Amino acid sequence: MKKLISMAKQFRDEESGAAMVEYTVLLGIITAATIALIILVGTWVTGQWTYLEGQLPDVPVAAPADPA
């Protein structure tokens with residue numbers, strides 16, 4: 001257990017550990033921005049689809065022909 005604590009302290013004191021934390025935070029920010037962008041684009045596409053659907057004329061659907 002002492003070895004694990006010693007390794008954790010050594011990792012904390014090294015600059016590579018700090019750089020990894022910075023990259024992890026940056027990755028989190030990029031991930032959050034990507035998710036937000038996907039949600040916004042999805043909302044926009046849904047709105048456009050609904051608008052276009054409303055612009056189509058209402059055409060009755062013909063009943064299928066009787067094969068007899």
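For the structure, see preceding data.
Residues numbered from 1 in each chain as written. Predicted model: local features only at pLDDT ≥ 70, side-chain atom pairs only at ≥ 80, totals over all residues. Heavy atoms only, no water.

### So, the overall build of the protein chain
Piece 1. Counting its regular elements, the protein chain contains 2 helices and 0 strands.
Piece 2. Carbon and sulfur atoms form 71% of the exposed surface of the protein chain, whose accessible area is close to 6700 Å². (Helix = DSSP H or I, 4+ residues; strand = E, 2+ residues; numbered from the N terminus. Areas by Shrake-Rupley, 256 points an atom, 1.4 Å probe, with all protein chains shown as cover.)

### Observations regarding a nonpolar patch on the surface
Piece 1. A surface patch of nonpolar side chains, about 420 Å² in accessible area, is lined by Leu37, Val41, Trp44 and Val45.
Piece 2. If you trace the backbone, Leu37 turns up in helix α2 (residues 15–55).
Piece 3. Since its relative accessible area comes to 52%, Leu37 is described here as exposed. (Patch = residues over 30% accessible without salt bridge, like charges linked within 9 Å, V, L, I, M, F, W, Y side chains within 5 Å. Salt bridge = Lys/Arg side-chain N within 4 Å of Asp/Glu carboxyl O. Buried < 20%, exposed > 50% of the residue type's maximum accessible area, 1.4 Å probe, protein only.)

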